[in-house]
Amino acid sequence: MPDILCMGEPMLEFNQMPPGLDGRVLYLQGHGGDTSNAAIAAARSGASVGYITAIGRDAPGESFMALWQREGVDTATVRRDPDAPTGIYFVTHGESGHSFTFYRSGSAASRYRVQDVPEAAIRGAKYLHASGISQAISASACDAVFHAMAVAKAAGVRVSYDTNLRLSLWPVARAAAVIHAAIAQADLAFPSLEDARALTGLEDAEAIADFYLRLGCPLVLLKLGAAGVLVATPERRERIPGFCVKAVDATGAGDVFAGAFLARSAAGDEPFTAARYANAAAALSTTGYGAVAPIPRREAVEKLLLTGG
């Protein structure tokens, strides 16, 4: 049984490249989906990881099965739906950063239901990781994540949750209600500062950490982008700075942070040590294009930790 089970929707990715000399804009095909990225990041950091989802019996679905096999991500809890497609998305880049265009309506993952949840596998894990996107894609998927979390909690499995707010999927009021209900049941939460400001109406990082701790989540890792992370527990909090790298694409950096943190936490690191490792992994993931290709392996992360950049 994998130590870490990630739950959500994988999506085939088309990432915009810089224009060529002829002015044409090309797109690099890859793989994405926030919790799939986290699963691969955890696996590349040496963790035992599996994935909970549904994908189509189509070419993108086959591509994901091959990817997970290469990356050592267990697919025993991946459902294949012959009647629904695997989702796709496009990443474009501009002065304000990267933006996403999704084509996921009616995807196999959006058809996931409570009765599809692999309860025995969850009970055998150490961590269950889900996100706001895992719940935003449909009402049935939302219910399935809540059920998976309840199964995990009853079995003593730690629940991990990343806000990953996508306002193209749901209005902020519903997003806040669902995401905060999930974080209230979680053992560790990964909000980003941008997400948290939209969800809570608060601006200050310390106040945001207090908000999520008051919901009952005992460990909050507030992602601050290039500035690093604020790690907060009821007893202690610390801002852990980021690493200086030549960033070109931050598409999956937050997902890499979560996966790398879970890998080190499952290996026994205390939260502040695991967060520093995850900061380094997230920084390295921004030095290449696409969500998966630049995810670093443990050796590269440890080298950056030693050298400091």
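Before going into details, it helps to say that this report is about the structure given with it. (Residues numbered from 1 in each chain as written. Predicted model: local features only at pLDDT ≥ 70, side-chain atom pairs only at ≥ 80, totals over all residues. Heavy atoms only, no water.)

1. Description of the packing of aromatic side chains
Move 1: A complete count under the given rule lists 10 aromatic pairs for this structure.
Move 2: Between the aromatic rings of tyrosine 51 and tryptophan 68, the centroid separation amounts to 5.2 Å while the plane-to-plane angle is 45°, which identifies the pairing as tilted. Of this pair, tyrosine 51 sits in strand 4 (residues 49–56) while tryptophan 68 sits in helix 2 (residues 59–71), and the two are 17 residues apart along the sequence. Take tyrosine 51 and tryptophan 68: they sit in the same class, and that class is buried.
Move 3: Between phenylalanine 190 and phenylalanine 257, the aromatic rings sit 6.0 Å apart at their centres with planes inclined by 75°, giving edge-to-face as the arrangement. With a gap of 67 residues between them, phenylalanine 190 in strand 11 (residues 188–190) and phenylalanine 257 in helix 9 (residues 253–266) connect regions that are remote in the sequence.
Move 4: Since its relative accessible area comes to 0%, phenylalanine 190 is described here as buried. (Phe/Tyr/Trp six-rings, centres within 6.5 Å; stacked < 30°, edge-to-face > 60°. Helix = DSSP H or I, 4+ residues; strand = E, 2+ residues; numbered from the N terminus. Buried < 20%, exposed > 50% of the residue type's maximum accessible area, 1.4 Å probe, protein only.)

2. Description of unusual backbone geometry
Move 1: Backbone geometry at asparagine 164 places phi at a positive 35°, although glycine is not the residue there.
Move 2: Residue position: asparagine 164 is located in the loop between strand 10 (158–162) and helix 6 (172–183).

3. Describing the sheet that holds strand 7 (residues 87–94)
Move 1: The 4 strands are arranged 3-2-7-8 in an open sheet whose pairing can be described as mixed. Two strands close off the open sheet at either side, each with one partner strand: strand 3 (27–32) and strand 8 (97–103). When strand polarity is set aside, the average angle formed by the axes of neighbouring strands in this sheet is 25°. (Pairing = 2+ DSSP bridges. Axes fitted to C-alpha atoms, helices over the stretch in contact; angles between N-to-C directions.)

4. Quick notes on the environment of glycine 124
Move 1: Considering the arrangement of structural elements, one finds glycine 124 in the loop between helix 3 (119–123) and strand 9 (127–131).
Move 2: When the C-alpha positions of glycine 124 and alanine 266 are compared, they lie 14 Å apart, and in sequence the two are 142 residues distant.
Move 3: Discounting chain neighbours no more than four positions away, the residues touching glycine 124 are Met1 and Pro2. (Contact = heavy atoms within 4.5 Å.)

5. Here's the deal with helix 7 (residues 193–200)
Move 1: For helix 7, the complete set of buried residues consists of Leu193, Asp195, Ala196, Leu199 and Thr200. The buried residues of helix 7 occupy an angular sector of 155° when the element is viewed end-on, so they sit on one face.
Move 2: Packing partners of the buried residues in helix 7 comprise helix 6, helix 8 (205–214) and strand 12 (220–223).
Move 3: Immediately downstream of helix 7, the backbone of glycine 201 shows phi near 80°, a positive value. (Arc of directions from axis to C-beta.)

6. Observations regarding the environment of arginine 237
Move 1: Relative to the elements of secondary structure, arginine 237 occurs in strand 14 (residues 237–240).
Move 2: By relative accessible area, arginine 237 is classed as partly exposed at 31%.
Move 3: A polar contact is formed between the side chain of arginine 237 and the side chain of glutamate 206, at a distance of 2.8 Å.
Move 4: Side-chain polar atoms of arginine 237 contact the side chain of aspartate 210, separated by 2.6 Å. (Polar contact = N/O pair within 3.5 Å; in protein donor to acceptor, adjacent residues only side chain to side chain.)

7. A word on the nonpolar core
Move 1: Met7, Ile122, Leu128, Ile179 and Leu222 are the most contacted members of the largest nonpolar core, which has 48 residues in total.
Move 2: Sorting elements by how many residues they give to this core places helix 5 (residues 139–154) first, with 7 residues.
Move 3: Ala43, Ala258, Ala263 and Ala282 belong to the second-largest nonpolar core, a separate cluster that totals 47 residues. (Core = buried A, V, L, I, M, F, W, Y, C linked by side-chain atoms within 4.5 Å.)

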